[in-house]
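Here is how the chains run, residue by residue.
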Amino acid sequence: MSGPPFPIREPAPAPGAVPANGAVPAPEAGPAGDGPAGPGLRAARFLRDRCVRGFRPSWTAAATVLAVCVPPGPADFGADFHITAGDVAGTLLVALAGLLVVTGRCTLPRGTALLFGPLTVALGLTTLCSQDIAASLPGFVRNAQIFVLVPVAVVAVVRDRRDVQVVCGAVLAAGLIESGYGLWQALTGTGASFEGRPVRAVGTFGAIDVMAMSTVAGYAMVIAVAFALVARGRARLAAVAAAAVPAAGLAAGLSRGSWVAVGIALLVMALLFDRMTALRTAACAAALTVALVGGLGWGSHTVADRTRSIAASVHAPDQSVGDRYSLWETAIAMWRDHPLTGVGVKNFAGFRDGYAPLQLSSGSETADNVNGYVRQPLLSPHNQYLLILSEQGILGLAAFCVLPAAVLYGLWRRRAVRDPLWLLGVGFMTWMVVDFLYSDLGGPSSVLASVMLGLASSRALPGPGRGTGVRPVPRRPVYVLPKPRRPVYVLPKPRRAAGDAGRGADDQR
């Protein structure tokens, strides 16, 4: 035999030992091209691995929410569209979600295509049948971004309850920032002009989009109240305190439509949770309203007059409400001439003058410290349903109504009234259905509405969790020790003596 019948393993050298041949071992090297693995390189690799493993795609959705608060700057009404920081962040969110879905790191729940498919098909068909296809293409991209792409991206990146809480925390933070800044504007007289006084809170959005701050504050208030209903003890006090700031900012925003939408949303949430809780919430809201209106000097006149104008808008509408009624008549007249597919996406402004009544104003007047005095053209009917009806016809409106109806149906099938994430989904959908009766999506806050729609859709779509619609967070198994059993004592059988055994045998004979 030329060698041993089994391999001989050499013993490992001791640390710091020199081989017998006198050769000095080379320093430890990393991957190819990295050179020696020094302490700094090992630390960099450790941080890189930790960041990659700990990265959550939902952080991108949270960053998109916070990007909405970036001031949009002076508006250019001559441009077809105005790109904001929220739009850029939303595009990155869609790109990241698409990459994760393609690579298999994220999956879309069943029913996602059925939820957003009808709206996408109808939007494409009405764009092809538009009276001006070139003018409708930017509107097609914008509507697809708001109602399809960003919500689907949020559904993809929201994988468990922790992801939902991350995004909700970002929305609450945005609401606190905007509400706090809006209150400072109202108290210092640096807000938008209202009846000749700069007392209207508009946040970082400016007077160009006077309803944006109220929209963000409304979302934050819905989230805070959802957690306040379920929480207990100090957590409930913290949630109520977090809801008080957006409530004050909402009042300072002087948006009557937002007041009505948020009030109905909170009432529905409280009724679903508990009827007695709904009564207590209504009483607290009334007390808070009295405190805000009577306690603050600017609220005693401005907010009270604005509140009374809600009831007066039916029989004695002001100029703003009168223009809105005229725009509604204009939208209905457009639909009557183009009943099936409408005049085309984003063509309402181009056809408005041919259908508008004579009492319609030429524009609305706004003023603030950033843009100065601006007369804005009336480019929409301030009603999302009538806007879609006039631009996309009955086909587009039917497909659009499928989306909120399907989301609400999914939420009801997977209802969990003690779950704050389910409650905020119901609250947002209620807000959207009511708010679209007298407003439409537009401006920087549209991306935030898309993120909220994605959160509600993630709760409505089926998932591995039982009736939750969101993938459950994996938890460590809990090992339960078996209960000790009581010992069973068995008495031994009495043994017979040797004599007794023989005697018994004799008896048997």
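On a predicted model such as this, the values are computed, not experimentally measured, just so you know.

What counts, and where the lines are drawn
- Residues numbered from 1 in each chain as written.
- Predicted model: local features only at pLDDT ≥ 70, side-chain atom pairs only at ≥ 80, totals over all residues.
- Heavy atoms only, no water.
- pLDDT = per-residue confidence, 0-100.
- Helix = DSSP H or I, 4+ residues; strand = E, 2+ residues; numbered from the N terminus.
- Contact = heavy atoms within 4.5 Å.
- Phe/Tyr/Trp six-rings, centres within 6.5 Å; stacked < 30°, edge-to-face > 60°.
- Buried < 20%, exposed > 50% of the residue type's maximum accessible area, 1.4 Å probe, protein only.
- Axes fitted to C-alpha atoms, helices over the stretch in contact; angles between N-to-C directions.
- Left-handed = near helix turned anticlockwise from the far one by under 90°.
- Nonpolar A, V, L, I, M, F, W, Y, C, P; charged D, E, K, R; others polar.
- Salt bridge = Lys/Arg side-chain N within 4 Å of Asp/Glu carboxyl O.

Asker: Sorry, what's going on with the confidence of the model for the protein chain here?
Answerer: Predicted coordinates in areas of low pLDDT are best not read in detail. For the protein chain, per-residue confidence averages 79 on the pLDDT scale, and 72% of positions sit at 70 or higher. When mean pLDDT is taken per element in the protein chain, helix H14 (residues 384–413) scores highest with 93 and helix H17 (residues 498–508) scores lowest with 54. Predicted confidence for residues 30–35 stays below pLDDT 50, and this span has eight contacts to residues more than four positions away or in other chains.

Asker: Can you walk me through the packing of aromatic side chains in this structure?
Answerer: What the rule picks out here adds up to nine aromatic pairs. Summarising the aromatic geometry, the rings of Phe147 and Phe400 are spaced 5.3 Å apart at their centres and angled 85° between planes, so their arrangement reads as edge-to-face. In this pair, Phe147 sits in helix H5 (residues 133–157) while Phe400 sits in helix H14, placing the two residues 253 residues apart along the sequence. Taken individually, Phe147 and Phe400 each receive the classification buried, so the pair is uniform in this respect. Ring plane angle 35° and centroid distance 6.1 Å describe the contact between Phe400 and Phe436, whose orientation is recorded as tilted. You can see Phe400 sitting in helix H14 and its partner Phe436 sitting in the loop between helix H15 (420–435) and helix H16 (445–460), a full 36 residues away along the chain.

Asker: What is the right way to read the packing of helix H7 (residues 212–230) against H15 from this model?
Answerer: Between two packed helices, both the angle of their axes relative to each other and the distance between the axes serve to describe the pair. Across the interface, H7 lies against H15 with an axial gap of 8 Å and an inter-helix angle of 145°. In this structure, the crossing between H7 and H15 has a hand that is right-handed. Counting all contacts with H7, which are made through Thr215, Tyr219, Val222, Ala226, Phe227, Leu229 and Val230, the residues of H15 involved are Pro420, Leu421, Leu423, Leu424, Gly427, Phe428 and Trp431. Across the contact of H7 with H15, the residue classes break down as twelve nonpolar, two polar and no charged.

Asker: Looking at this structure, how should I read the pattern of salt bridges?
Answerer: Any two side chains of opposite charge can pair, on the condition that their charged atoms come close. Considering all chains together, one arrives at seven salt bridges under this definition. The partner of Asp160 in a salt bridge is Arg56, with the nearest N and O atoms 3.3 Å apart. Note that Asp160 is positioned in the loop between H5 and helix H6 (161–188) and Arg56 in the loop between helix H1 (39–54) and helix H2 (58–67), a separation of 104 residues in sequence. Here Asp160 falls in the buried class, since its relative accessible area comes to 10%. Judged by relative accessible area, Arg56 falls into the buried class, the value being 15%. The partner of Arg56 in a salt bridge is Asp163, with the nearest N and O atoms 2.7 Å apart.

Asker: Help me out: how do you make sense of unusual backbone geometry in this one?
Answerer: Phi is mostly negative for residues that are not glycine, and the peptide bonds are mostly trans. One non-glycine residue, Leu254, lies in the positive phi region at around 60°. Residue position: Leu254 is located in the loop between helix H8 (234–253) and helix H9 (256–273). Here the phi dihedral of Lys346 falls at roughly 65°; this positive angle occurs in a residue that is not glycine. Tracing the backbone shows Lys346 in the loop between helix H12 (319–337) and helix H13 (348–355).

Asker: Honestly, the environment of Ser457 in this entry has me stumped. Any pointers?
Answerer: Relative to the assigned elements, Ser457 resides in helix H16. A relative accessible area of 0% means that Ser457 is categorised as buried. Along the sequence, Ser457 and Val407 sit 50 residues apart, while their C-alpha atoms lie 5.9 Å from each other.

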